[in-house]
Amino acid sequence: MEQWLTYAIVAMVMGGVAMVFAKMGMGSANEHVALVIRTSVLLAMVVANALYAGGLKGISAVNNKTMLWLVLAGLCTAIYWILYFKAIKTANISVVATIDRAGIVITVLLSYFILKEPLTPRLLLGMGTILAGTLILIWK
């Protein structure tokens, strides 16, 4: 198995487990407190990993354009997590997480139009299946 695929599979598993743990941890905490605690742990681990791997040595080489894209990605991630935690506080995590995964459709479309990545028949079929599953879940 290629290394990137191993990383992607482990990330997928950890992402799924993390969401269930987050929902379980919201018992006596409101969504804002829960998100602050989770994000603080996340920040600490990411910084520790970067320090361990020597990844912060190149920070001075980051140009303004790169910085802008990373800041915009950070802002989108913040909005995403704030709204996600609001949703899982009051709804079934299984439904919220499934709807959330439909964001893959947005990612694939943007990667095609902006990054010029190819759209293969297999990718289109996967996107269609994800979109169909999401519509089934939200259809009343």
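Bear in mind the structure is a predicted one, so any value in this text is a computation, not a measurement.

1. Concerning the overall build of the chain
Step number 1: Counting its secondary structure elements, the chain contains six helices and zero strands.
Step number 2: Along the three orthogonal principal directions, the C-alpha set of the chain runs to about 50 × 45 × 30 Å.
Step number 3: Counting every position in the chain, which comprises 140 residues, the buried fraction comes to 16%.
Step number 4: Carbon and sulfur atoms form 75% of the exposed surface of the chain, whose accessible area is close to 10,800 Å².

2. Topic: the packing of helix α2 (residues 31-53) against helix α3 (residues 64-90)
In helix packing, the relevant descriptors are the interaxial angle and the interaxial distance, both defined with respect to the helix axes.
Step number 1: The interhelical angle for the contact between α2 and α3, taken along N-to-C directions, is 130 degrees, at an axis separation of 9 Å. Accordingly, the angle class assigned to the pair α2 and α3 is oblique. The crossing of α2 and α3 is right-handed. Facing Glu-31, His-32, Ala-34, Leu-35 and Arg-38 of α2, the residues of α3 in contact are Trp-81, Ile-82, Phe-85, Lys-86 and Lys-89.
Step number 2: Looking at side-chain class alone, the contact of α2 with α3 contains five nonpolar, one polar and four charged residues.

3. Here we look at the pattern of salt bridges
Side chains bearing opposite charge may pair, as long as their charged atoms lie close to each other.
Step number 1: Using the criterion set out here, one finds two salt bridges in the structure.
Step number 2: Between Lys-86 and Glu-31 there is a salt bridge, with its nearest N and O atoms 3.4 Å apart. Highlighted residues: Lys-86 in helix α3 and Glu-31 in helix α2, separated in sequence by 55 residues.
Step number 3: The partly exposed category is assigned to Lys-86, whose relative accessible area is 35%.
Step number 4: Accessibility expressed as a relative area gives 16% for Glu-31, which makes it buried.

4. What about the nonpolar core?
Step number 1: Counting residues in each nonpolar core, the largest one holds 12 residues, listed as Met-19, Ala-22, Met-26, Ala-34, Leu-35, Trp-81, Tyr-84, Phe-85, Ile-88, Ile-93, Val-96 and Ala-97.
Step number 2: For this core, the elements supplying multiple residues, two or more each, are α1 (3-24), α2, α3 and α4 (93-101).
Step number 3: Ranked by residues supplied to this core, first place goes to α3 with four residues.

5. Observations concerning the layout of surface pockets
Step number 1: Estimated volume of the largest pocket: approximately 500 Å³.
Step number 2: Along the wall of the largest pocket there are 16 residues; nearest its centre are Ala-18, Arg-38, Val-41, Leu-42 and Met-45.
Step number 3: Top element by residues in the lining of the largest pocket is α2. It accounts for eight residues.
Step number 4: A class-by-class count of the residues in the lining of the largest pocket yields 12 nonpolar, three polar and one charged.

6. Describing α3
Step number 1: For α3, built from 27 residues, the straight-helix expectation of 39 Å at 1.5 Å per residue is met to within 8% by its first-to-last C-alpha distance of 40 Å.
Step number 2: Elements in contact with the buried residues of α3: α1, α2 and α4.

7. Things to note about the UniProt feature "domain: EamA" (unreviewed entry) in the chain
Step number 1: Residues given the UniProt feature "domain: EamA" (unreviewed entry) here are residues 4-138.
Step number 2: Within residues 4-138, the helical portion is 81% and the strand portion 0%, while the C-alpha atoms at the span's ends are 33 Å from each other.

Thresholds applied
- Residues numbered from 1 in each chain as written.
- Predicted model: local features only at pLDDT ≥ 70, side-chain atom pairs only at ≥ 80, totals over all residues.
- Heavy atoms only, no water.
- Helix = DSSP H or I, 4+ residues; strand = E, 2+ residues; numbered from the N terminus.
- Buried < 20%, exposed > 50% of the residue type's maximum accessible area, 1.4 Å probe, protein only.
- Areas by Shrake-Rupley, 256 points an atom, 1.4 Å probe, with all protein chains shown as cover.
- Axes fitted to C-alpha atoms, helices over the stretch in contact; angles between N-to-C directions.
- Parallel < 35°, antiparallel > 145°, perpendicular 65-115°, else oblique.
- Left-handed = near helix turned anticlockwise from the far one by under 90°.
- Contact = heavy atoms within 4.5 Å.
- Nonpolar A, V, L, I, M, F, W, Y, C, P; charged D, E, K, R; others polar.
- Salt bridge = Lys/Arg side-chain N within 4 Å of Asp/Glu carboxyl O.
- Core = buried A, V, L, I, M, F, W, Y, C linked by side-chain atoms within 4.5 Å.
- 1 Å grid on protein atoms, 1.4 Å probe; cavity = no way out; pocket = protein on both sides within 12 Å on 5 of 7 lines; lining within 4 Å.
- Points joined across faces, edges and corners; volume = space filled by probe spheres on them.
- Expected span 1.5 Å × (residues − 1).
- UniProt positions renumbered as here; feature names shortened; annotations may be inferred.

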